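Residue-level structure breakdown
These are the residues of each chain, in order.
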Amino acid sequence: MKLTLDRSKFDERQAIFTAEIVERIKIKLQEAGVDQEKLEDLTAGIALSITGVIDDLAMLEVDGIEVHPYLTFRTDEDELVHWGENSYTYEKVYGAMRTLFHT
């Protein structure tokens, strides 16, 4: 499998990926009966927590094994796209939240 550096392809996919995470969190909270008043804050809090882990902002270590995620996206059968550094899905949460809650 080929690993390709392509920032625009990566950014586009990262935004879609993050928006999907945020939307699924919102749906699950709604299904659980979370009050409309709390829905936005809880969705944002959970999404920011998850994306912090994806972006390697959280220190992950268990039994002396450090874990450092590195996000890539498959664009076809034998290509993975990355952007050369850790992902920044955390920053994409705000745009996804605006779309879900303020449009």
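One structure accompanies this document, and this report is about it. What you see as residue numbers is a count from 1 along each chain, following the sequence as written. Local features in this predicted model are restricted to residues of pLDDT 70 or higher, and side-chain atom pairs are both shown and tallied only at a pLDDT of 80 or more, whereas totals for entire chains, interfaces and linings draw on every residue. Neither water nor hydrogens contribute to the side-chain values; these are computed over all heavy atoms in the structure.

Some thoughts on the overall build of the protein chain
Helices and strands together make up the secondary structure of the protein chain, namely 3 helices and 5 strands. Helix and strand assignments follow DSSP, with helices taken as H or I runs no shorter than four residues and strands as E runs no shorter than two, numbered in order from the N terminus. Starting at the N terminus and ending at the C terminus, the protein chain contains elements arranged as β-α-α-β-β-β-β-α. Its C-alpha atoms give the protein chain principal-axis dimensions of roughly 45 × 40 × 20 Å. Buried residues in the protein chain amount to 31% of all 103 residues. Across the protein chain, every contact between residues at least 6 apart in sequence was considered, and the portion connecting residues at least 24 apart equals 68%. Per element, the accessible surface of the protein chain, about 6,900 Å² overall, is 53% carbon and sulfur. The positive count covers Lys and Arg only, the negative count covers Asp and Glu only, and His and the chain ends enter neither. The location of each charge is read from NZ of Lys, CZ of Arg, CG of Asp or CD of Glu. Averaged over its 11 positive side-chain charges, the protein chain has a centre that lies 6 Å from the centre of its 21 negative ones. Accessible area is worked out with a 1.4 Å probe on protein chains only. A residue is then buried under 20% of its type maximum, exposed over 50%, and partly exposed in between. Every residue pair with non-hydrogen atoms within 4.5 Å of one another is taken to be in contact. Per-residue accessibility takes into account occlusion by the displayed protein chains alone, with areas from the Shrake-Rupley method and a 1.4 Å probe.

Some remarks on the environment of Tyr88
For Tyr88, the location among the structural elements is in the loop between strand S5 (79-82) and helix H3 (89-101). Taking the C-alpha atoms as reference, Tyr88 lies 8.5 Å from Gly52; in sequence the two are 36 residues apart. If we skip the residues at most four places from it in the chain, Tyr88 touches Phe10, Asp11, Gln14, Asp55 and Trp83.

Some points on the packing of aromatic side chains
What counts as a ring pair is set by centres within 6.5 Å for rings of Phe, Tyr and Trp (its six-membered ring), and what kind of pair is set by the plane angle: stacked under 30 degrees, edge-to-face over 60, tilted for all other angles. Counting across every chain of the model gives 4 aromatic pairs. A ring pair is formed by Phe10 and Tyr88, whose centres lie 6.5 Å apart and whose planes are at 50°; its orientation type is tilted. Of this pair, Phe10 sits in helix H1 (residues 7-31) while Tyr88 sits in the loop between S5 and H3, and the two are 78 residues apart along the sequence. For Phe10, a relative accessible area of 0% puts it in the buried group. Connected via pairs of aromatic rings, a cluster forms that spans Phe10, Phe17, Phe73, Trp83 and Tyr88. The cationic tip of Lys26 hangs over the ring face of Phe101; the distance from NZ or CZ to the ring centre is 4.7 Å. Placement of a charge over a ring requires the Lys NZ or Arg CZ to be within 6 Å of the ring centre, with the centre-to-atom vector within 35 degrees of the ring normal.

A closer look at the sheet that holds S5
On the basis of which strands lie adjacent, the open sheet formed by 3 strands has the order S1-S5-S4 and mixed pairing. Among the strands making up the open sheet, the edge pair consists of strand S1 (2-5) and strand S4 (73-76). With strand direction ignored, the average angle separating the axes of adjacent strands in the sheet is 40°. Any two strands with at least two DSSP bridges between them are considered paired. Strand direction decides the pairing type here: S4 and S5, joined by 3 bridges, are antiparallel. Bridge assignment links Asp76 to a residue of S5, and that residue is Glu79. Running at roughly 115° to S4, H1 makes contact with S1, S4 and S5 of the sheet. Lines fitted to C-alpha atoms define the axes here, with helix axes fitted over just the stretch in contact, and angles between the N-to-C directions of these axes take values from 0 to 180 degrees.

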